[in-house]
Amino acid sequence: MIDQADQVFVLLQHWLVSFLPAGLQQFAAVLLSVIAIVCVFPGLFALTTVFERKGLARIQNRIGPNRVGPLGILQPIADGIKSLTKEDVVPTSANAGVHFLAPLGLVVAVFMGFAVLPMGRNMVLVDMDCGLLFFFAMSASTEVSVFMAGWSSRNKYSLLGAMRAVAQMISYEVVLLLSSVSVVMIGGSLSLTKIVAAQDQYTGIFPHWYIFTPWGLAGFIMYAIAATAETNRSPFDLPEGESELVAGYHTEYSGFKFALFFLGEYLAMFSISGLGATLFLGGWSAPLSILNWVPSWIWFFSKLMLSIFVFIWMRGTLPRLRQDQLMNFAWKFVLPLTLLNLMVTALWRFMGEGIARWIVCSAILLVAYVVMGRVEMKSEHFGPRSYRYAD
Amino acid sequence: MTPVFYILAALTLAGGLATVMLRPLVHAALAVTVAFGGLALLYLSLDAQFAGFAQILVYIGAVAILVVFAILLTRGSDLPREGVFSPAWLSGLVLAAAIFSVLAWAVLRSANSLPQQMAVPQVTVHDIGIALVGRYVLPLEIVALLLTAATIGAVIVAMHEKGGAQ
């Protein structure tokens, strides 16, 4: 019974496929999984928009959407109909072809990332040997779409937004990759299913998640920072800073093309949270061994939604950074710490079992964090800022 | 030589040709992205997953983006008045054809001298990693040193000049 609940989607897929002739079965199985991914995550996106607007409203002491349906729960349907029926405006001086291709390219590239995420026991579309590399390759190719959107609009706000977005994504992608490399060093594989399997073990009732090690905790924090910046979420939402750039690179998009950008942004958030959960939080494994009877996919999606909640919480709490602060933070603070974390991971790997490696690794990371923070703060001048190019 | 190969080869060639023929510089940069993507798909169709995804990550994710950045920062995105061909296009064509014929000759000759392997070797990422830090560790380190030197050079070029007005 417990096993069946755990494997319910896999069994459902096998059952549906068994009606077809043998030649078509493999194709149908893949098609069904793709349909499931293409339905589930946009559905989750619809839920999240309402959840986000409600949550932000609560943080700001408002009520939020409450007119459409009970408690405003049908708001996304109204939004969807609105954006479908809106006129699709393309500026006359815009580059029509590139303008049309940009949102499509973004959404396709983001959807591809879900192909390698293990969403439950045996629930992965393609169990690739280098799944992690595939994921990063796909997330890197979204940058081209962002640039295409900003450039083809022929609008200075769009272009500035795209330049900011791409600069930020390149800078934080380095951190994102390097903080994941430490997991690969310990897990010994680029395959995401193997990384989850390595964490799905228990000492007593406690799991072997990588976040419960010194290097894993440091890596997870840096991964979370980089993921927030990669998905252009607050406090790193400069590319679409409403007060300065109208809406960033999608200023000139209306109707369903805008909705596609919106969808792409949230899907990127889901996929990067899913990868974070897979790498550091044990993927679909239960947080305590006594909770193993709960189906694995419930754990994966709870971890996903929990990180979405943290994203929303941060958006409601933190002010936006300035561009130079953003870049300095990435290159002068987070990147050196990630490189140090790689060495600490290697040390952890070769020191062998025992309490000594816990003390040594934690001490190195803590000392580096404190010293670097102090040094950076000392060189920071709190006074009127001189602008190199604007004076 | 399957239909897939021909489709991918046509895509890559079309991207490459568009890169040199298109007049707007940004369009050329986007076309070179298509050519990079076609190459990555060719690697994937040869079962070289690691090379294919690394190609996408490095060339589409970084090189193409740096190219468009450079174009935008240098204000080269305006349409060139005269054609995109430099006056020396004929000698360039001859040079390219010569290099192509030498490479093609070498590739065609080497196909005969290699032992005929019918079974495609299964190379996993694990094997590539072991080979990189085992047998090929010296080239790897040399490349790493070169890249570090290039990074330091870039930082020095971009640094504030001392004494000048900030």
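Here the structure is a predicted model, which means the values were calculated and not measured.

Draft legend 1. Focus on the overall build of chain B. Along the backbone of chain B there are six helices and zero strands. Its helices and strands in sequence order give chain B the pattern α-α-α-α-α-α, from N to C terminus. Residue burial in chain B is summarised as follows: out of 166 residues, 17% are buried. For chain B, the accessible area works out to roughly 12,400 Å², and carbon and sulfur atoms hold 74% of it.

Draft legend 2. Examining the interface of chain A and chain B more closely. Contact residues are listed per partner, giving 27 residues for chain A and 23 residues for chain B. Of the roughly 2,200 Å² buried between chain A and chain B, counting both surfaces, carbon and sulfur atoms make up 82%. In this assembly, chain A and chain B are joined by zero salt bridges. Taken together, the links from chain A to chain B amount to two residue pairs in polar contact (both at pLDDT 80 or more). When residues of the side of chain A that touches chain B are traced back to their parent elements, those giving at least two are α6 (131–140), α7 (142–152) and α8 (156–187) of chain A. Looking at the side of chain A that touches chain B, the element that brings in the most residues is α6 of chain A, giving six residues.

Draft legend 3. Layout of the pattern of salt bridges. Residue and element names in this part refer to chain A. Applying the stated criterion to the full structure yields six salt bridges over all chains. Note that R357 is salt-bridged to E353, the shortest N-O span being 3.6 Å. Salt bridges linked by common partners bring E52, R233 and R315 together as one network.

Draft legend 4. View of helix α4 (residues 75–85) of chain A. Residue and element names in this part refer to chain A. Those residues of α4 that fall on the buried side of the exposure criterion are Q75, P76 and S83. Within α4, the buried residues cover an arc of 95° as seen down the axis, which keeps them to one side. Relative to its buried face, α4 has exposed residues pointing more than 90 degrees away, namely I77, I81, L84 and T85. Summarising the contacts, the buried residues of α4 are in contact with α3 (22–59) and α12 (255–280).

Draft legend 5. Up close: the packing of helix α1 (residues 3–21) of chain B against helix α2 (residues 25–45) of chain B. All names here are of chain B. Running from amino to carboxyl end, α1 crosses α2 at an angle of 155°, the nearest separation of the two axes being 7 Å. Of the possible angle classes, the one that applies to α1 and α2 is roughly antiparallel. Of the two elements, α1 crosses α2, and the hand of that crossing is left-handed. Contacts from F5, L8, L11, T12, G15, G16, A18 and T19 in α1 reach A28, A31, V32, V34, A35, G38, L39, L41, L42 and S45 in α2. When grouped by side-chain class, the residues that make up the contact of α1 with α2 number 12 nonpolar, six polar and no charged.

Draft legend 6. Region of interest: a nonpolar patch on the surface. Residue and element names in this part refer to chain B. A contiguous nonpolar surface patch, about 780 Å² in accessible area, is contributed by L17, V20, M21, F85, W89, L90 and L93. Those elements that place two or more of their residues in the nonpolar patch are α1 and α4 (89–113). Examined against the element boundaries, L17 turns out to sit in helix α1. Given a relative accessible area of 51%, L17 falls into the exposed group.

Draft legend 7. Layout of the nonpolar core. Residue and element names in this part refer to chain A. Judged by nonpolar contacts, the single largest core of 112 residues is most densely connected at F41, F114, M119, F270, L275 and L279. Considering every element that reaches this core, the biggest residue donor is α12, with 12 residues. Not counting residues up to four positions away in its chain, the partners in contact with M119 are I37, F41, F114, W284, S296, W297, F300 and F301.

What counts, and at which threshold
- Within each chain, residues carry numbers counting from 1 in the order of the written sequence.
- Think of it this way: whatever chain is written first is A, whatever ligand is written first is 1, and the rest follow in order.
- In view of the model being predicted, local features appear only for residues whose pLDDT reaches at least 70, and side-chain atom pairs are presented and counted only at 80 or more, with totals across whole chains, interfaces and linings using the full set of residues.
- Excluded from the side-chain calculation are hydrogens and water; included are all heavy atoms of the structure.
- A helix here means a DSSP run of H or I that spans at least four residues, while a strand means a run of E at least two residues long, and both kinds are numbered starting from the N terminus.
- Burial classes: relative accessible area under 20% of the type maximum marks a residue as buried, over 50% as exposed, and values in between as partly exposed (1.4 Å probe, protein chains only).
- What sets the accessible areas is the Shrake-Rupley method with a 1.4 Å probe; for residues, cover comes only from the shown protein chains.
- In what follows, residue pairs with any heavy atoms lying within 4.5 Å of each other are defined as contacts.
- Two parts lose some accessible area (1.4 Å probe) when they are put together, and adding that loss for both gives the buried area.
- By salt bridge we mean one thing: a side-chain nitrogen of Lys or Arg within 4 Å of a carboxyl oxygen of Asp or Glu.
- Polar contacts, as used here, are pairs of N or O atoms within 3.5 Å; protein pairs need one atom able to donate a hydrogen and one able to accept it. Residues neighboring in sequence count only if both atoms are side-chain atoms.
- Taking the helix axis as origin, the arc is that swept by the directions to the C-beta atoms.
- Axis lines are fitted to C-alpha atoms, over the contacting stretch for helices. Their N-to-C directions set the angle, which ranges from 0 to 180 degrees.
- For classification, angles of less than 35 degrees are called roughly parallel, those exceeding 145 degrees roughly antiparallel, those between 65 and 115 degrees roughly perpendicular, and all remaining angles oblique.
- Handedness of a crossing follows from how the near helix is turned relative to the far one, being left-handed for an anticlockwise turn of less than a right angle and right-handed for a clockwise one.
- Charged residues are taken to be Asp, Glu, Lys and Arg, nonpolar residues to be Ala, Val, Leu, Ile, Met, Phe, Trp, Tyr, Cys and Pro, and polar residues to be all remaining types, Gly included.
- A patch consists of residues exposed above 30% relative accessible area that lack any salt bridge, with like charges linked at up to 9 Å and nonpolar side chains (Val, Leu, Ile, Met, Phe, Trp, Tyr) linked at up to 5 Å.
- Note on terminology: a nonpolar core comprises buried Ala, Val, Leu, Ile, Met, Phe, Trp, Tyr and Cys residues joined through side-chain atoms within 4.5 Å.

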